[in-house]
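Structural description and commentary
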Amino acid sequence: MIEKHIVLEDIDPVVFYGVGNAHLQMIKALFPKLRIVARDNVLRILGDEEQMAAFEESIEKMRQHVLKFNALGEEDIIDLVKGKRTKDDVPDGVVVYSMSGRAIKPRSENQQRLVEAYEQNDMVFAVGPAGTGKTYLSIALAVKALKEKTAKKIILSRPAVEAGEKLGFLPGDMKDKIDPYLQPLYDALEDMLPQARLQEMMEKHVIQIAPLAFMRGRTLSDAVVILDEAQNTTPAQIRMFLTRMGWNTKMIITGDMTQIDLPRTQKSGLIEALHILNNVEGIGVVNLNQKDIVRHKLVTRIVNAYEAYDKEYKNNNESINKD
């Protein structure tokens, strides 16, 4: 008789054990000669060496399955234990799976270009209107890199530029004031990673979310780094950010040229960066448009209406200036 402890790393034990420990009870039934005790993310097993080896192999297959799909079913458990063919291979095009088991993958031609640009370049600019999935898909690519261990950490940043409300008037300390700007990034991460695991990663700084101002002086290595809402950076800020890039690092810079919240006299750093870096080798640029919007159908209509208004307003101003 031997005793072993298996740690269920990188996954949510609740998903693994099932509702009411249903999955755990099934695993125990499939290995009747072993005594299995679960506590948090640790399995304590007592039994003979031969069954122990088969058990360890099956548990690792299940762990990998949960890591990929964020889900585990009774049929999956049986197939994995018995060595039958299962959906263990991720279908083509899927980046990662959400916590509900939904496949997160490109849903338009330009979103697919974003994935390809990320694979082919170390730095990618993704520019497009609201709802085109540029931020969500970028975070999915970062989570995939973390799961596959091609990156050691994820660093997410945004410029803290107000859209109508001043930081100083918001309640709380500096973290409380800044968090509202970073909430869309938290939302995306919570959709792709177990809550407990996400909290642990943030506490250990495996996942870091910080305002752009906190990037100064750092060298960002072995990471996927995402700068969101880059249209609200100044030329000096985006230049500082881009030069933080270290070894084995990929950067994704997202922005929406129609939502610049900078003062009218301040030039957008994103516009300048795209102009300066347009033909630099190793940098990819992907432009998304209304056809890529994956939110409610009204979002597409709203974007189109505002673009038509902006165009008419610009034409009217040009006519007045000529007169």
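The structure presented is a predicted model; accordingly, all values stated were derived computationally and were not measured. (Residues numbered from 1 in each chain as written. Predicted model: local features only at pLDDT ≥ 70, side-chain atom pairs only at ≥ 80, totals over all residues. Heavy atoms only, no water.)

To continue, consider the confidence of the model for the protein chain. Should the pLDDT be low somewhere, the predicted coordinates at that spot are not to be read in detail. On average, residues of the protein chain score 85 in pLDDT, and 89% of them are at 70 or above. Segment residues 162-167 is flagged for pLDDT under 50; beyond a separation of four residues in sequence, or across chains, it makes nine contacts in the model. (pLDDT = per-residue confidence, 0-100. Contact = heavy atoms within 4.5 Å.)

A few words on the environment of phenylalanine 69. Within the element layout of this structure, phenylalanine 69 appears in helix H3 (residues 49-69). Judged by its relative accessible area of 3%, phenylalanine 69 falls in the buried class. Considered as a pair, phenylalanine 69 and serine 100 are 31 residues apart in the sequence and their alpha carbons are 8.9 Å apart. (Helix = DSSP H or I, 4+ residues; strand = E, 2+ residues; numbered from the N terminus. Buried < 20%, exposed > 50% of the residue type's maximum accessible area, 1.4 Å probe, protein only.)

Across soluble globular proteins, nonpolar side chains show a tendency to be buried alongside one another. Counting residues in each nonpolar core, the largest one holds 36 residues, and the members touching the most others are Ile139, Val143, Leu156, Leu189, Met192, Ile207 and Ile209. Of all the secondary-structure elements, those providing two or more residues to this core are helix H5 (109-120), strand E6 (123-127), helix H6 (134-147), strand E7 (153-158), helix H7 (174-192), helix H8 (195-203), strand E8 (207-211) and strand E9 (223-227). Sorting elements by how many residues they give to this core places H6 first, with eight residues. Discounting residues that sit within four places of it in the chain, isoleucine 207 has contacts with Leu146, Ile154, Leu189, Leu193, Leu198, Met201 and Met202. (Core = buried A, V, L, I, M, F, W, Y, C linked by side-chain atoms within 4.5 Å.)

All right, on to helix H4 (residues 74-82) then. Every buried residue belonging to H4 is among Asp76, Ile77 and Leu80, and all of these are buried. Down the axis of H4, the buried set is contained in an arc of 100°. They therefore lie on one face. In H4, the exposed residues that point more than 90 degrees away from the buried face are Glu75 and Lys82. Residues of H4 that are buried sit in contact with helix H2 (22-30) and H3. Positioned one or two residues after H4, glycine 83 has a phi angle of 75°, which is positive. (Arc of directions from axis to C-beta.)

The next point concerns a nonpolar patch on the surface. A cluster of nonpolar side chains, contributed by Met257, Ile260 and Ile271, occupies part of the molecular surface with about 210 Å² of accessible area. With respect to the helices and strands, isoleucine 271 occurs in helix H10 (residues 269-277). (Patch = residues over 30% accessible without salt bridge, like charges linked within 9 Å, V, L, I, M, F, W, Y side chains within 5 Å. Areas by Shrake-Rupley, 256 points an atom, 1.4 Å probe, with all protein chains shown as cover. Salt bridge = Lys/Arg side-chain N within 4 Å of Asp/Glu carboxyl O.)

Before going further, it helps to examine the pattern of salt bridges. Under the counting rule described, the total for this entry stands at 13 salt bridges. With a closest N to O distance of 2.9 Å, glutamate 56 and lysine 4 form a salt bridge. Remark: lysine 4 occurs in strand E1 (residues 2-7) and glutamate 56 occurs in helix H3; sequence separation between them is 52 residues. The partly exposed category is assigned to lysine 4, whose relative accessible area is 32%. A salt bridge links arginine 158 to aspartate 228; the nearest nitrogen and oxygen atoms lie 2.8 Å apart. Note that arginine 158 is positioned in strand E7 and aspartate 228 in the loop between E9 and helix H9 (235-242), a separation of 70 residues in sequence. Aspartate 228 carries the same exposure label as arginine 158, and that label is buried. Through salt bridges that share partners, Asp10, Lys149, Arg197, Glu200 and Lys204 make up one connected network.

Okay, the sheet that holds strand E2 (residues 35-39) next. Pairing in this open sheet of three strands is antiparallel, and the strands run E1-E3-E2 from one edge to the other. Bordering the open sheet on either side are E1 and E2, each of which pairs with just one other strand. Strand after strand, the sheet turns through a mean of 15° between neighbouring axes, direction not considered. Bridging between E1 and strand E3 (residues 42-47) involves six bridges; their strand directions are antiparallel. Residue pairing in the sheet places histidine 5 in a bridge with arginine 44 of E3. (Pairing = 2+ DSSP bridges. Axes fitted to C-alpha atoms, helices over the stretch in contact; angles between N-to-C directions.)

On inspection of all chains with the given rule, the structure shows three aromatic pairs. Seen in terms of ring centroids, phenylalanine 31 and phenylalanine 55 are 5.1 Å apart; in terms of plane orientation they differ by 90°. Their pairing is edge-to-face. Taken together, the residues phenylalanine 31 in the loop between H2 and E2 and phenylalanine 55 in helix H3 connect sequence positions 24 residues apart. The same class applies to phenylalanine 31 as to phenylalanine 55, namely buried. Look at phenylalanine 69 and tyrosine 97: their rings are 4.8 Å apart centre to centre, the planes differ by 65°, and that puts the pair in the edge-to-face class. Placement of phenylalanine 69 in helix H3 and of tyrosine 97 in strand E4 (residues 96-97) is noted, with a sequence separation of 28 residues between them. By the burial criterion, phenylalanine 69 is buried, and tyrosine 97 matches it. Lysine 250 extends its terminal NZ or CZ atom over the ring of tyrosine 118, reaching a point 4.8 Å from the ring centre. (Phe/Tyr/Trp six-rings, centres within 6.5 Å; stacked < 30°, edge-to-face > 60°. Lys NZ or Arg CZ within 6 Å of the ring centre and 35° of its normal.)

It is worth spelling out the pairing of strand E10 (residues 250-255) at this point. Remark: a regular strand shows side chains that alternate across the two faces of the sheet. Burial runs high along E10: six of the six residues are buried. Because side chains alternate across E10, one face comprises the buried residues Lys250, Ile252 and Thr254, and the other comprises Met251, Ile253 and Gly255, equally buried. As defined by bridge partners, E6 adjoins E10 across five bridges and the pair is classed as parallel. Of the residues in E10, the one forming a bridge with methionine 123 is methionine 251. Relative to E10, E9 is paired through four bridges, and the arrangement is parallel. Opposite valine 225, over in E10, you have methionine 251 as the bridge partner. Read from E9 through H9 to E10, the crossover connection turns out right-handed. (Right-handed = clockwise from strand over helix to strand, strands pointing away.)

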